[in-house]
Amino acid sequence: MYDSFKRKINYLRISVTDRCNFRCTYCMPAEGVPMMSHNDVLSFDEIVEFTRLAVSKGIDKVRITGGEPLVRKGIVSLVKMLADIDGIKDLSMTTNGAFLPKFADDLKNVGLNRVNISLDSMDPKRFHEITRLGKLEDVLNGIDAAEKVGLLPIKLNCVIKENSQEEDALAVKAFAEERGFQVRFIHQMSLGEGSFSVVEGGEGGHCGTCNRLRLSADGKLFPCLFSDIGYSIRELGGEEALKKAIENKPKSGTTSIGHEFYNIGG
Ligand code: SAM
Ligand code: SF4
């Protein structure tokens, strides 16, 4: 699929829940957020049916995100259903990693290729301050589990405030180098203020080569993180939503007042 600016669109990011076991300060308020009702959240069949359609049109890279994807009940079955779709070359997940000790083995067995794990600090106290509910030890155990079962290459997502020379960022970088993981530094953004920036070590933020579409947990297909344009796959049907999202993918992002990271998945 090519959009109106001749960009090849081959990457679908699917948010499977807006719920999370953490409350990262830059992502969610401390008390959490009003959750989508169960009826609004896409079923596994709806997610898989839409993904199959998108793959038939040229999507070959799929990432599962959230919220925290590993809190979605039955996530291993969903990953299996997605992995069984012919034509996906790269099936990955972005996770905070805390539940990987429990799920890594099963995820690998049903066909997940690799994981990106969010890690902002190597200091247990700072880590807890940032995530509010998270324990660094759980995430480090999650990283070990992912490595052990071969969910490789492991990439670490590290949110930075000013630059990648901050103390926390340097410590994450040192850890990544020691263990042979890649690290991507993501500037803390505000979608409403349109403060978006490129991802150091990753592909995000380069509008000219953006190849992505995003499906929210309640079934809206968004062509751009920094725009409120979105098309409901339930209301329009997958085919029409896909066509409209491709046709109307903006040349570059501006602001989004409707998106938050926990509901669009980053
Ligand atoms: N819960 C999973 C996790 O944390 O990896 C997946 C969803 S999370 C919304 C996806 C990514 O978005 C994470 O790497 C997170 O650090 C990043 N993120 C969340 N809020 C952000 C913000 N305000 N600015 C930049 N990145 C953000
Ligand atoms: Fe949860 Fe991920 Fe948002 Fe942190 S960044 S609150 S782990 S969804």
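Note: the structure precedes this text.
The notes below deal with the structure included here.

The next point concerns the site of ligand 1. The local shell around ligand 1 holds 18 residues, among which Tyr 26, Gly 67, Ser 118, Val 159 and Met 189 are the closest. Interatomic distance of 3.2 Å between a backbone N/O atom of Thr 95 and an oxygen atom of ligand 1. Relative to its unbound accessible area of 540 Å², ligand 1 is 95% covered by the protein chains. Of the residues contributing to the shell around ligand 1, the split by class is six nonpolar, 11 polar and one charged.

Taken together, Cys 20, Phe 22, Cys 24, Cys 27, Gly 67 and Asn 96 make up the full set of residues adjacent to ligand 2. Split by residue class, the shell around ligand 2 holds four nonpolar, two polar and no charged.

With that settled, the discussion passes to the pairing of strand β5 (residues 155-160). Across the six residues that make up β5, a large majority, five, are buried. As paired strands, strand β4 (residues 114-118) and β5 are joined by three bridges and run parallel to one another. Bridged to Ile 117 within β5 is Leu 156. The sheet contact formed by β5 and strand β6 (residues 182-187) spans six bridges and is parallel.

Definitions and limits used
Residues numbered from 1 in each chain as written. Chains lettered and ligands numbered in written order. Predicted model: local features only at pLDDT ≥ 70, side-chain atom pairs only at ≥ 80, totals over all residues. Heavy atoms only, no water. Near = heavy atom within 4 Å. Polar contact = N/O pair within 3.5 Å; in protein donor to acceptor, adjacent residues only side chain to side chain. Areas by Shrake-Rupley, 256 points an atom, 1.4 Å probe, with all protein chains shown as cover. Nonpolar A, V, L, I, M, F, W, Y, C, P; charged D, E, K, R; others polar. Buried < 20%, exposed > 50% of the residue type's maximum accessible area, 1.4 Å probe, protein only. Helix = DSSP H or I, 4+ residues; strand = E, 2+ residues; numbered from the N terminus. Pairing = 2+ DSSP bridges.

Bear in mind that shape data such as this cannot, by itself, settle questions of function.
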